[in-house]
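# Structure at a glance
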Amino acid sequence: MKNKRLKHKFLVFLAFLVVIIELFPIFVVISNGFKRDIDIFTSNPFSFKFSLQSYKSVLTDYMFLNSLKNSLIVALISSSFSVLAGAMASYAITRYKFRGKTAIAYSFLTSRMIPQISLSIPLYLMFRNLNMLDNVFSLVLAYISFNVPYIIWLLLPFFASIPREFEEAARVDGCSEKRLFWSIFIPLVAPGLVVAMVFSFIMSWNEFLYALILTNTQARTAPISVNAFMGQYAPQWGQLSAAGTLMLIPAFIITLSLQRFIIKGLTAGGVKG
Amino acid sequence: MLLSSKNKKKRGNFPLFFLAPALISVTAVLVFPIAYALGLSFFEWNLMNEANRVFIFFKNYVSVFNDPQFWKSFLLQIGFIFIAIPIELIIGFFVSILMNRKFKGAGVLRSLLLLPVFILPVLSGLTWSFMLQPEYGTINYILSLLGFKQIAWLAYPGTAYTAVILQDIWRMWPFMFIILYAGISGMPKEFEEAATIDGAGFWQRVFYIIIPYLKPTIITAILLRTIDALRIFSEVYVMTGGGPGNSTLLLSLYINKQAFEYFNIGYASAMSIILIVVTLILTIILVRGNIEIDGDKA
């Protein structure tokens, strides 16, 4: 018995150890943000003097602030539109019978899997022809290509789980199709919509490739700015880490507040609903 | 009866209204671009010299299959998948067993483990390249404490490739963990209890109970990660840019290089289409094993 308790204690200790080791790189980023540059260039990661210098320079850097603003705009608009369009489509797929339904659903699933690099060339040419390069709106559109299919698959099980009786009762009461969607289904799948919003926000927020190819200076997003702190000659690790830490805030929020939904969010379209 | 048939007729027309926004937007930014890329792939087309556009039909594909760098990138990609994903799976598997016990703070630990999954890939890549710097990098510091020599990881082909894989393992094993944990924590307790009473040891329980129970979950997780690993770009791009000496030039990076450094967009499009086809094959395997549209049941 004593042996067993000892073993349990050891395993709990091991669990903590795993988490500490795993989070070490994140500790490195966060602490680098609060270091002076000279301290970053000494190898011991634990000896440093606390400083807000990097945050000061990042938060007064026009280029970075502008890109942060762009990131917010792009992520918010793209994910809001995608949640709306995705919810409507998911509703149609789960609640209506129509021809080609399975085909449509599977095409949305496969389009979620298409590698971004394969779309980057045609998207670049399309937006160039429309004279929309370095334009925030073209990023909004480009991000729809991964957000909408993802959201449809994320929401399918949420819509499917609502019992038929709900809509039948509403129909008997003479509820119109559009009102049925807005006043009956939307409130019922609200948790799913929140997860969809948060996940598509964070996918857009983290996105790098399209931003790299489709933007230059005006519409540049924050991940590009973070990389730009690498500089041409010497990396500015302090500012890079401060900017990076600011970019991590949504990730912190999502992991600490949405635990329950994370699996659904991560595997949308991969696991039986 | 009358009511329901009337309803049916009406409902037959209706989905278009609900499907339209998704169908139109996805067609515009996804279906059309894929068709466009397919079209491009039949042309010799250089962005620097656009007047000289020549329709060459399948010749780009022939050149791709004769391009040693394409095969090298392909092998690097396969190697990446075959090294990184099994390691992620093994770590995720054992940690999910480890975390499947009750203790104070277990919930917080589990959610903290997920942070790397949601970190900016770019920031993850940059942080790893910081930690791997010679002289001031954290990992080199730890190595020197342990009495090893410092290594300029990103300067040599073999170590750079290792570094890129390490970065991916660090960021994605928690993904495996959380999916497998969901499976393990839902496993009926009787299974394990019965096995323990029968005197099964740890490894016996792993091989005869836990793995068979989790098999579908494991397969899904591997497929999702493989599809994901086929498109890896930004982490590697910021860590090594594909170097040194093309040693980390994975497929996405090679396509990007051909398209936006050499401006061979016809050629790059042919590779894009090949990548799409590989992805589709994997997706079909995933779909066939796993997926049903739930709404049909009702």
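Each value, and the rule that gives it
- All residue numbers refer to position in the chain's written sequence, counted from 1.
- Here every chain gets a letter starting at A, and every ligand a number starting at 1, in the order they are written.
- Totals for whole chains, interfaces and linings use every residue, but because this is a predicted model, local features are given only for residues with pLDDT of at least 70 and side-chain atom pairs only at 80 or more, for both listing and counting.
- Just so you know, side-chain values use all the structure's heavy atoms and leave hydrogens and water out.
- Under the DSSP-based scheme used, a helix requires at least four consecutive residues in state H or I and a strand at least two consecutive residues in state E, with every element numbered from the N terminus.
- Note on method: radius of gyration uses C-alpha positions; expected globular size equals 2.2 Å times residues raised to 0.38.
- Summary of the burial criterion: residues with accessible area below 20% of their type's maximum are buried, those above 50% are exposed, and those between are partly exposed, where the area comes from a 1.4 Å probe applied to protein chains only.
- Throughout, a contact is declared for two residues whenever any of their heavy atoms are within 4.5 Å.
- Accessibility throughout is a Shrake-Rupley quantity obtained with a 1.4 Å probe, and a residue counts as covered only by protein chains that appear here.
- UniProt positions are given in the numbering used here, feature names are shortened, and annotations may be inferred rather than shown by experiment.
- Take the accessible area each of two parts loses on contact, using a 1.4 Å probe, and add the two losses: that sum is the buried area.
- Salt bridges, as used here, are contacts in which a Lys or Arg side-chain nitrogen is within 4 Å of a carboxyl oxygen on Asp or Glu.
- Between N or O atoms, a polar contact is any pair within 3.5 Å; within protein, one atom must be a potential hydrogen donor and the other a potential acceptor, and residues adjacent in sequence are included only when both atoms are from side chains.
- Exposure above 30% relative accessible area and the absence of a salt bridge qualify a residue for a patch, where like charges join within 9 Å and nonpolar side chains (Val, Leu, Ile, Met, Phe, Trp, Tyr) within 5 Å.
- We call a set of buried residues a nonpolar core when its members are Ala, Val, Leu, Ile, Met, Phe, Trp, Tyr or Cys and they connect through side-chain atoms within 4.5 Å of each other.

## Quick word on the overall build of chain B
- In terms of regular secondary structure, chain B is built from 14 helices and 2 strands.
- Relative to the globule expectation of 19 Å for 298 residues, the C-alpha radius of gyration of chain B, 25 Å, shows a markedly less compact shape.
- Relative to its full complement of 298 residues, chain B shows a buried share of 54%.
- Of the contacts made within chain B by residues no fewer than 6 positions apart, 67% connect residues no fewer than 24 positions apart.
- Summed over its atoms, the accessible surface of chain B is roughly 13,600 Å², and 68% of this surface lies on carbon and sulfur atoms.

## Some thoughts on the UniProt feature "transmembrane region" (unreviewed entry) in chain A
- Per the UniProt record, the feature "transmembrane region" (unreviewed entry) sits at residues 12-34, 72-93, 105-127, 139-159, 180-202 and 237-258 of chain A.
- From the first C-alpha to the last, residues 12-34 of chain A spans 31 Å; its make-up is 96% helix and 0% strand.

## Some remarks on the interface of chain A and chain B
- The interface is formed by 109 residues belonging to chain A together with 98 residues belonging to chain B.
- The largest share of the area that chain A buries against chain B comes from A:Glu22, A:Met113 and A:Ile121, three residues that together contribute 8% of it.
- The interface formed by chain A and chain B contains 1 salt bridge.
- When the shortest N-O distance is used, the salt bridge between B:Glu50 and A:Arg128 registers 2.7 Å.
- In this assembly, chain A and chain B are joined by 9 residue pairs in polar contact (both at pLDDT 80 or more).
- Here the side of chain A that touches chain B takes 16 residues from helix α1 (residues 2-33) of chain A, the largest share from any one element.

## A short note on the environment of B:Ile218
All names here are of chain B.
- Its location among the elements puts Ile218 in helix α11 (residues 202-229).
- Ile218 gets classed as buried once you look at its relative accessible area, which sits at 13%.
- Placed 129 residues apart in sequence, Ile218 and Leu89 show a C-alpha to C-alpha distance of 8.1 Å.
- The residues touching Ile218, leaving out its near neighbours within four places in the chain, are Leu89 and Leu180.

## Some remarks on a nonpolar patch on the surface
Residues and elements named next belong to chain A.
- Together, Phe10, Phe13, Leu17 and Ile21 line one region of the surface with nonpolar side chains, adding up to about 420 Å² of accessible area.
- Within the element layout of this structure, Ile21 appears in helix α1.
- Looking at Ile21, the relative accessible area reads 57%, which means it is exposed.

## Considering the UniProt feature "transmembrane region" (unreviewed entry) in chain B
Residue and element names in this part refer to chain B.
- Under the present numbering, the feature "transmembrane region" (unreviewed entry) in UniProt falls on residues 12-38, 74-99, 111-132, 138-156, 168-186, 206-224, 236-255 and 267-287.
- The distance separating the terminal C-alpha atoms of residues 111-132 is 27 Å; by composition the span is 77% helix and 0% strand.
- Secondary structure within residues 267-287 divides into 100% helix and 0% strand; the distance between the first and last C-alpha atoms comes to 30 Å.

## Concerning the nonpolar core
- Formed by 198 residues in total, the largest nonpolar core has its most connected members in A:Tyr210, B:Met99 and B:Phe118.
- A total of 17 residues in this core trace back to one element, the largest contributor, which is helix α7 (residues 136-160) of chain A.
- Leaving out residues up to four positions away in the same chain, B:Met99 has contacts with A:Ala15, A:Val19, B:Leu109, B:Arg110, B:Leu113, B:Phe177 and B:Tyr181.

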